[in-house]
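# Observations on chain architecture
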Amino acid sequence: MPLEDGDPAGPRGRQVNGEVSATPRLRGTGDPSLRGTTAAGGSRTEVMAEGWEPGPALADGDVTPGGAPQRAGQQEEALMAELSELVQKVVKSSSWWERHGVDISILACSFLLLPAGFLCLRSAQAIPFLAGVVTLGVVHHTLTVKGSHLASHNALTESKSWGKVWAIFFIELCSAFTVEQATYNHVKIHHGYTNVIGLGDSSTWKLPFLNRYVYMFLAPLAVPILTPLVALDLLRNVEWKAALRTLCCMFLGFYCHYWLLLHVSGFQSPWSALLCMLLTRSLLAHPYIHVNIFQHIGLPMFAADRKPKRIHLMSLGVLNLPRNALLDWSFGHSLISCHVEHHLFPSLSDNMCLKIKPIVSQYLKQKKLPYNEDTYSSRLRLFLQRYEELMVHAPPITELVGIQ
């Protein structure tokens, strides 16, 4: 999927066997500085132009009367504005149940499954015990991945105050991470500068000292251990009140899980309870790591001062995976089959991302913009085959030459 060494005369932004072929050539789309970047929360655009039609592209450095490069940038903003208007119509016509209720119900159902999971672990028989492990594992990832992701974008509620409460609950209590650093790194950096080298290029997921098989199949098992350790290190960057709150929430979350395993599930020793905690918390760690790298790494990367506008940045640098019942429930549509939609409109819930998916895909294809999709198995093969290129070496910067 990397787009370096692409044939400049070939088609741009097109998928061939799961890879986007050739180097995208975006003319006149580079921003002079980071001040023009759109943050993750800025899904609504203020430019609402109607009747936009694509005009002739200009090469970098072309100087024509009337400020053609500026007009090219305005046309790109008009594209995003037009798409935003279409999406906003769908959002305004949707009920509360569609905007928030569906995803809240999934999270509520996960909470209701907790007693069954802990009670199944009391059984001395293999099948009920494994059912308890699977149940707690799925519930854990639903709360920590889906819940934390929606809470970080304030997509669970329209109230900022309740949004803060849910963020603390899902991110700190359930996920053992600090809200301030999670929202900054994910919302402000990853979403604001998607696939921009040195900022939102997903490099935090790279461990170049590991070989491909260790990284892809063994390292994910350490996620439940590494996550709180990384969080503790990041507490140095937050105020002492926030750090104290995070420490209390992290301890409470871990202790409640540990206490329930001892007193409800009937584990006889602390080590057996801790081992069960590790097992359930790492049940879906493999797809969690895979999804985070599959959907961005290998796609076009840009320099901070030479990046396209928002709609091109997201259509080029984000990929959707097919729908999957288990991952849709545990991770949410916005992280699986609607990741492009989520990056374009990050404040929408998982269910709303699924609802606007036909509109976004049709619009991008109509405007000749990439709409990247690939299967999980295809991406896994790609990363195993090209691990050194994608995960070890520094990613190449995509050349911005013309607009497709």
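Residues numbered from 1 in each chain as written. Predicted model: local features only at pLDDT ≥ 70, side-chain atom pairs only at ≥ 80, totals over all residues. Heavy atoms only, no water.

## Topic: the overall build of the chain
When helices and strands are counted, the chain shows 16 helices and four strands. Here the chain holds 404 residues, and the buried ones make up 50% of them. Long-range contacts, defined as pairs at least 24 residues apart, comprise 73% of the intrachain contacts of the chain with a sequence gap of at least 6. (Helix = DSSP H or I, 4+ residues; strand = E, 2+ residues; numbered from the N terminus. Buried < 20%, exposed > 50% of the residue type's maximum accessible area, 1.4 Å probe, protein only. Contact = heavy atoms within 4.5 Å.)

## Topic: the state of the cysteines
Per the stated rule, a full pass over the model turns up zero disulfides. The thiol of Cys249 is not disulfide-bonded; the next cysteine sulfur, from Cys248, is found 6.9 Å away. Residue class for Cys249 comes out buried when judged on its relative accessible area of 15%. Of all cysteine sulfurs in the structure, the one in Cys174 sits closest to Cys256, which takes part in no disulfide; the separation is 9.9 Å. (Disulfide = S-S within 2.5 Å.)

## Looking at the layout of surface pockets
Quantified by volume, the largest pocket comes out at close to 1500 Å³. Lining of the largest pocket is provided by 48 residues; of these, Phe177, Trp205, Thr227, Tyr288 and Asn292 occupy positions nearest its centre. Among the elements of the structure, helix H3 (126–152), helix H4 (160–174), helix H5 (179–191), helix H7 (223–234) and helix H10 (285–294) are those that each provide at least two residues to the lining of the largest pocket. When grouped by side-chain class, the residues that make up the lining of the largest pocket number 26 nonpolar, 20 polar and two charged. (1 Å grid on protein atoms, 1.4 Å probe; cavity = no way out; pocket = protein on both sides within 12 Å on 5 of 7 lines; lining within 4 Å. Points joined across faces, edges and corners; volume = space filled by probe spheres on them. Nonpolar A, V, L, I, M, F, W, Y, C, P; charged D, E, K, R; others polar.)

## Things to note about the packing of helix H8 (residues 240–263) against helix H9 (residues 270–281)
Between H8 and H9, the shortest axis-to-axis distance is 9 Å and the interhelical angle comes to 115 degrees. Pair H8 / H9 crosses with right-handed handedness. Residues Gly253, Phe254, His257, Tyr258, Leu261 and Leu262 of H8 lie in contact with H9, whose contacting residues are Pro270, Ala273, Leu274, Cys276, Met277, Thr280 and Arg281. Of the residues assigned to the contact of H8 with H9, the class counts are nine nonpolar, three polar and one charged. (Axes fitted to C-alpha atoms, helices over the stretch in contact; angles between N-to-C directions. Left-handed = near helix turned anticlockwise from the far one by under 90°.)

## What about the packing of H10 against helix H15 (residues 376–385)?
Relative orientation of the contacting elements H10 and H15 amounts to 80 degrees, with a least axis distance of 11 Å. With respect to H15, the element H10 is oriented roughly perpendicular. Contacts between H10 and H15 involve His286, Pro287, His290, Val291, Ile293 and Phe294 from the first element and Tyr376, Arg379, Leu380 and Phe383 from the second. Taken together, the residues that form the contact of H10 with H15 break down as seven nonpolar, two polar and one charged. (Parallel < 35°, antiparallel > 145°, perpendicular 65-115°, else oblique.)

## Here we look at the side chain of Ser334
Relative to the helices and strands, Ser334 resides in the loop between helix H12 (325–330) and helix H13 (339–344). Looking at Ser334, its side chain comes within polar contact range of the side chain of Asp350, at 2.4 Å. The residues touching Ser334, leaving out its near neighbours within four places in the chain, are His149, His339, His342, Asp350 and Cys353. (Polar contact = N/O pair within 3.5 Å; in protein donor to acceptor, adjacent residues only side chain to side chain.)

## Observations concerning the UniProt feature "transmembrane region" (unreviewed entry) in the chain
Residues annotated in UniProt with the feature "transmembrane region" (unreviewed entry) correspond here to residues 213–235 and 242–264. With 78% helix and 0% strand, the stretch residues 213–235 has end C-alpha atoms that lie 32 Å from each other. The span residues 242–264 is 96% helix and 0% strand, and its two end C-alpha atoms sit 32 Å from each other. (UniProt positions renumbered as here; feature names shortened; annotations may be inferred.)

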